Number of protein chains: 2
Amino acid sequence: MQAIIDAFVRKLEAFIDLRPDELRVLQALQGPSVQIAAGKEIIHEGQHRSSAYILHEGWAYSCKRLPDGERQIIDIQIPGDFLGLHSSMLRMSDQTFVALTNLQITKINMDRSLEFVQSHPRLAAALLRCVAHDEAIIAEHLVSIGKRDALERTAHFLLEFGSRMGSIGRFSNDSYECPISQPILADALGITTTHLNRILRRLRERELVMFRNGTVIFLNRSKLVEATGFDRSYLEE
Amino acid sequence: MQAIIDAFVRKLEAFIDLRPDELRVLQALQGPSVQIAAGKEIIHEGQHRSSAYILHEGWAYSCKRLPDGERQIIDIQIPGDFLGLHSSMLRMSDQTFVALTNLQITKINMDRSLEFVQSHPRLAAALLRCVAHDEAIIAEHLVSIGKRDALERTAHFLLEFGSRMGSIGRFSNDSYECPISQPILADALGITTTHLNRILRRLRERELVMFRNGTVIFLNRSKLVEATGFDRSYLEE
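As the structure is a prediction and not an experimental result, all values here were calculated from the model.

Residue and element names in this part refer to chain A. Under the criterion given, the structure shown has 28 salt bridges over all chains. In this structure, E41 engages R65 in a salt bridge whose closest nitrogen and oxygen atoms are separated by 3.6 Å. Here R65 lies in strand 4 (residues 60–65) and E41 lies in strand 2 (residues 41–43), a separation of 24 residues in the sequence. R164 is the salt-bridge partner of D81, the closest N and O atoms lying 3.0 Å from each other. With a gap of 83 residues between them, D81 in the loop between strand 5 (71–77) and strand 6 (82–83) and R164 in helix 5 (residues 150–166) connect regions that are remote in the sequence. Judged on exposure class, the residue D81 and its partner R164 are both buried. Each of K11, D75, D81, E160 and R164 takes part in one network of salt bridges that share partners.

Here it is, written out as structure tokens:
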């Protein structure tokens, strides 16, 4: 029964109706559940043949470092997301994955993945669609950094995570829990913390959205969608 | 014999030694070869259940459009690359793919893909690694747009395409053919054409790299690698 309410299963069920035998296979593919403390690196850039994980509870982020020590945040992961699935297929991981909060993760048993693909092609196809979604999300972040101004970018981010949280049943009353600190959020958006603060104040004053004490509350979501041109189709199954 | 020298086969062979039966399967998975004229759209953003293609000859680019008509170029594709493989797994394509030059492409027969995954898991895994690489490239472009200045960004781009052309055997004497017009390159880099011109002149004057008449010539590749911190591990098998 546990599996039914799991965020990962919930996410996959957007793609296929999981049969009981497929649910069992999904569980068999995963190692035991492991706790990771906030701030810890789960995978590091350059790691040889890194593993892939499923994030069951907590938030994480992926980033790439530059030679000068700066970093670019690539994406933020929420319950039900993979950590390092695409990296695990490369010889060396191209990204670092860090726990934003305390996490509960399971390792995917990649040794059995070929066998799994053969015996459960329908499930393999659903997982492949998850990977395709991850790429679509990163492409959209490229658009944000490349073309959206700081306000649009911030609003777009808050809308995207609202949609992503909604797809795992964690969006209600126009709000969701968002445990991202302002320095991390500013970093993900490529702006300074001071600038982010100004933007968040403006969004609140215009009665569009409020981000306070770890909670995002949409005051006028449809107006915000209109203002940013947010189109959630890249997040859809 | 034709298949042996094909850019796509060459790229896949970085991952696995293709057996004759796998080569035959790869060919059976593809429709007839089709010519596309420069400037034509192959897949458009929002297209329902779009197809995936293999680019055999020519260059293409993928982009996303904003409501105000602006666009962000996401990646540029060269022979051997997929067009829209990840998009074909989404309900609607999240990107538009446009022919930069005249192209020769084949459509991938997705209807048979489940069957194929089951019968040739080794080949399916190699294709999956191609998709993982595409994501790694887009993440690196996000780093470029987010953190590199115009000169580093331009140099990084020219180095990346040198490596990618090398992996299909089209890089020799420190040079490669690059049929990208300056307006498109400027667009991909998120700078103006005037700015790009200035940057290219500076790179030439410093005797690092020259991009002229559709050819990129590295004058001092190792110094350029050092100056930009280019690390080709995200492109490696």
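This is not the end of the story, as more comes after the structure.
To describe a pair of aromatic rings, you give the distance between the ring centres and the angle between the ring planes. All names here are of chain A. Enumeration over the complete set of coordinates arrives at 14 aromatic pairs over all chains. Arranged with centres 6.1 Å apart and planes meeting at 35 degrees, the rings of F171 and Y176 form a pair that is tilted. Judged by relative accessible area, F171 falls into the partly exposed class, the value being 26%. Y176 sits in the buried class, given a relative accessible area of 2%. Ring-pair connections join several aromatic residues into one group, and the members of that group are W59, F157 and F161. Across the ring face of F218, the terminal group of R221 is positioned such that the distance to the ring centre comes to 5.9 Å.

On the surface, A:R198, A:R202, A:R206 and A:K223 cluster together into a patch of positive charge. For A:R198, the location among the structural elements is in helix 7 (residues 193–205).

Summarizing the sequence annotation, UniProt attributes the feature "domain: HTH crp-type" (unreviewed entry) to residues 148–222 of chain A in the numbering used throughout. Taken as a whole, residues 148–222 of chain A contains 53% helix and 15% strand, while its terminal C-alpha atoms sit 19 Å from one another.

Turning our attention to helix 6 (residues 182–189) of chain A. Taking burial as the measure, the eight residues of helix 6 of chain A include six buried ones, the bulk of the element. Of the positions making up helix 6 of chain A, those classed as buried are A:I184, A:L185, A:A186, A:D187, A:A188 and A:L189.

The next point concerns the interface of chain A and chain B. Across the boundary between the two partners, chain A contributes 46 residues, which contact 46 residues of chain B. Overall, the association of chain A and chain B removes approximately 4,200 Å² of surface from exposure, summing both partners, and the carbon and sulfur fraction of that is 68%. Linking chain A with chain B are four salt bridges. Measuring nitrogen to oxygen at the nearest pair gives 2.5 Å for the salt bridge that ties A:E140 to B:K64. The interface formed by chain A and chain B holds eight residue pairs in polar contact (both at pLDDT 80 or more) in total. Of the residues contributing to the side of chain A that touches chain B, the split by class is 21 nonpolar, nine polar and 16 charged.

Take the pairing of strand 10 (residues 209–212) of chain B next. All names here are of chain B. Here strand 10 shows a buried face lined by V209 and F211 and an unburied face lined by M210 and R212. Here strand 10 runs beside strand 11 (residues 215–218); their pairing, made up of four bridges, is antiparallel. The residue of strand 11 that forms the bridge with R212 is T215.

Right, let's get into the UniProt feature "domain: Cyclic nucleotide-binding" (unreviewed entry) in chain A. With numbering matched to this structure, UniProt assigns "domain: Cyclic nucleotide-binding" (unreviewed entry) to residues 14–84 of chain A. Summarising residues 14–84 of chain A: 13% helix, 42% strand, and an end-to-end C-alpha distance of 21 Å.

About the criteria used
Residues numbered from 1 in each chain as written. Chains lettered and ligands numbered in written order. Predicted model: local features only at pLDDT ≥ 70, side-chain atom pairs only at ≥ 80, totals over all residues. Heavy atoms only, no water. Salt bridge = Lys/Arg side-chain N within 4 Å of Asp/Glu carboxyl O. Helix = DSSP H or I, 4+ residues; strand = E, 2+ residues; numbered from the N terminus. Buried < 20%, exposed > 50% of the residue type's maximum accessible area, 1.4 Å probe, protein only. Phe/Tyr/Trp six-rings, centres within 6.5 Å; stacked < 30°, edge-to-face > 60°. Lys NZ or Arg CZ within 6 Å of the ring centre and 35° of its normal. Patch = residues over 30% accessible without salt bridge, like charges linked within 9 Å, V, L, I, M, F, W, Y side chains within 5 Å. Areas by Shrake-Rupley, 256 points an atom, 1.4 Å probe, with all protein chains shown as cover. Lys, Arg positive; Asp, Glu negative; His and termini not counted. Charge placed at Lys NZ, Arg CZ, Asp CG, Glu CD. UniProt positions renumbered as here; feature names shortened; annotations may be inferred. Contact = heavy atoms within 4.5 Å. Buried area = accessible area lost by both parts, 1.4 Å probe. Polar contact = N/O pair within 3.5 Å; in protein donor to acceptor, adjacent residues only side chain to side chain. Nonpolar A, V, L, I, M, F, W, Y, C, P; charged D, E, K, R; others polar. Pairing = 2+ DSSP bridges.

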